[in-house]
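So you can see what is in the structure, the chains are spelled out below.
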Amino acid sequence: GTAYAEMALAAARLWHGGEIVEIEQLEIRSPLILSNSETKVVRFSIDSPDGSFTIKSRDHLADVAWTLHAVGRIPREPGAFPLQKVPLILPARSPDFTGADHERLTKAVGLDYGPAFRAIDTVWVEGGSAYAKLRVPEVVEPELERIHLHPALLDCTFQLIIQLLKDDYIALAGTVYVPSSIDGLLYRCGRATPCMARATLHKCGRHS
């Protein structure tokens, strides 16, 4: 899902440029599974009138129907809500968890992330939010210059939901909550690399 978001940001920048780009209503329909044994062709299509887009794939050189993976929309003009101008402040106390603690928790609930998706350095849980200090994994560093918002860093922000729902994850063994949609993502283009993140749980339903 985070790779779809990066594809949409890159397409939005190419489509209408500007310092600030936005995607909305990104909905994941099916996973894109990659392997070393086959090559996939991925197609990103934009409907010019309203900015609706689709992400599809099929096996290379195969004469088969395209598989739909995600849909969404790129607004012509970024939304009116402003980007946060005040830096995110981490809690002024010792962290509750280390990156190693977080990795053990993710494995305990059945999620075994590769080295690129281990960017969480320290975590604080406070007031219904999980805060994290991020560190760029060594395998990710060479890719930062050519990617707007690296999927691994965005994914690690989503991983913070595990800290907020860890009791539910452990109690409901085998049930894993993962993001299936992004209502809105507003991005300011530039060379800065995210170094902090905050996830806040506003509401939670039994099946969502």
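A brief look at the structure comes next. By convention here, each chain's residues receive numbers from 1 onward along its written sequence. Where totals are concerned, whole chains, interfaces and linings use all residues; where local detail is concerned, this predicted model gives features only for residues with pLDDT of at least 70, and gives and counts side-chain atom pairs only at 80 or more. With hydrogens and water stripped out, all remaining heavy atoms of the structure feed into the side-chain values.

Re the pairing of strand β3 (residues 52-59)
For step 1, the next point in the chain: Looking at chain direction, strand β2 (residues 40-47) and β3 are connected through eight bridges and run antiparallel. Each residue of the ladder has a partner; that of Val41, found in β3, is Arg58.
For step 2, the next point in the chain: Paired strands are those between which DSSP finds at least two bridges. Secondary structure follows DSSP: runs of H or I at least 4 residues long count as helices, runs of E at least 2 residues long count as strands, and numbering of each begins at the N terminus. Taking the residues that link successive antiparallel strands as the turn, the β2-β3 hairpin has four residues, and the phi of Gly51 there is positive, at about 80 degrees.
For step 3, the next point in the chain: Bridge analysis of β3 against strand β4 (residues 67-73) gives six bridges, and the strand direction is antiparallel. Note that in β4 the partner of Ser57 across the bridge is Thr67.

Side note on unusual backbone geometry
For step 1, the next point in the chain: In this structure, Gln25 is a non-glycine residue whose phi angle is positive, near 55 degrees.
For step 2, the next point in the chain: Secondary-structure assignment places Gln25 in strand β1 (residues 20-28).
For step 3, the next point in the chain: The backbone of Leu61 sits at a positive phi, close to 65 degrees, despite the residue not being glycine.
For step 4, the next point in the chain: Secondary-structure assignment places Leu61 in the loop between β3 and β4.
For step 5, the next point in the chain: Residue burial is assigned from relative accessible area. The probe radius is 1.4 Å, only protein chains are included, and a residue is buried under 20% of its type maximum, exposed over 50%, and partly exposed in between. On the basis of relative accessibility, which here comes to 76%, the residue Leu61 falls in the exposed class.

Points about the packing of helix α1 (residues 2-16) against helix α3 (residues 151-164)
For step 1, the next point in the chain: Here an axis means a line fitted to C-alpha atoms, over the contact stretch when the element is a helix, while the angle between two N-to-C directions is reported on a 0 to 180 degree scale. Between α1 and α3, whose axes approach to 8 Å, the crossing angle comes to 130 degrees. Classified by the angle their axes make, α1 and α3 are oblique. Taken as a pair, α1 and α3 cross one another with a handedness that is right-handed. In this structure, α1 uses Thr2, Ala3, Ala5 and Glu6 to contact α3, whose residues at the interface are Pro151, Leu154, Asp155 and Phe158.
For step 2, the next point in the chain: When its residues are assigned to classes, the contact of α1 with α3 shows five nonpolar, one polar and two charged. For classification, angles of less than 35 degrees are called roughly parallel, those exceeding 145 degrees roughly antiparallel, those between 65 and 115 degrees roughly perpendicular, and all remaining angles oblique. With the far helix as reference, a near helix turned anticlockwise by less than a right angle produces a left-handed crossing, and one turned clockwise produces a right-handed crossing. By the convention used here, residues are in contact when the closest approach between their heavy atoms is within 4.5 Å. Only Asp, Glu, Lys and Arg are considered charged, only Ala, Val, Leu, Ile, Met, Phe, Trp, Tyr, Cys and Pro nonpolar, and every remaining residue, Gly among them, polar.

Brief notes about the nonpolar core
For step 1, the next point in the chain: By convention a nonpolar core is built from buried Ala, Val, Leu, Ile, Met, Phe, Trp, Tyr and Cys residues, the set being connected through side-chain atoms within 4.5 Å. Counting residues in each nonpolar core, the largest one holds 19 residues, and the members touching the most others are Ala5, Leu9, Ile23, Leu26, Leu185 and Tyr187.
For step 2, the next point in the chain: Breaking this core down by element, the ones donating at least two residues are α1, β1, β3 and β8 (181-188).
For step 3, the next point in the chain: Element by element, the count of residues in this core is highest for α1, at six residues.
For step 4, the next point in the chain: Residues contacting Ala5, with those up to four places away along its chain left out, are Ile23, Leu26, Leu154, Ile182 and Leu185.
For step 5, the next point in the chain: Core analysis: the second largest hydrophobic core is formed by 11 residues, Ala119, Ile120, Leu160 and Ala197 among them.

Remarks on helix α2 (residues 99-108)
For step 1, the next point in the chain: For α2, every residue scored as buried is listed here: Gly99, His102, Leu105 and Thr106. One side of α2 carries all its buried residues, which in axial view fall inside an arc of 120 degrees. Opposite the buried face of α2, by more than 90 degrees, sit the exposed residues Arg104 and Ala108.
For step 2, the next point in the chain: At the C-terminal side of α2, Gly110 shows a positive phi close to 95 degrees. Here the arc refers to the directions that run from the helix axis out to each C-beta atom.

Brief notes about the packing of aromatic side chains
For step 1, the next point in the chain: Classification of ring pairs rests on two measures: the distance between centres of Phe, Tyr or Trp rings, Trp counted by its six-membered ring, which must be within 6.5 Å, and the angle between planes, read as stacked under 30 degrees, edge-to-face over 60 and tilted in between. The final tally for this structure, using the stated rule, is one aromatic pair.
For step 2, the next point in the chain: A ring pair is formed by Phe44 and Phe53, whose centres lie 4.9 Å apart and whose planes are at 20 degrees; its orientation type is stacked.
For step 3, the next point in the chain: Residue Phe53 is classed as buried on the basis of its relative accessible area, which comes to 2%.
For step 4, the next point in the chain: One cation-aromatic arrangement involves Arg43 over Trp66; the distance from NZ or CZ to the ring centre is 4.2 Å.
For step 5, the next point in the chain: Here the basic side chain of Arg76 rests over the ring of Trp15, its NZ or CZ set 4.1 Å away from the ring centre. Placement of a positive charge over a ring is assigned whenever Lys NZ or Arg CZ falls within 6 Å of the ring centre and within 35 degrees of the normal to the ring plane.

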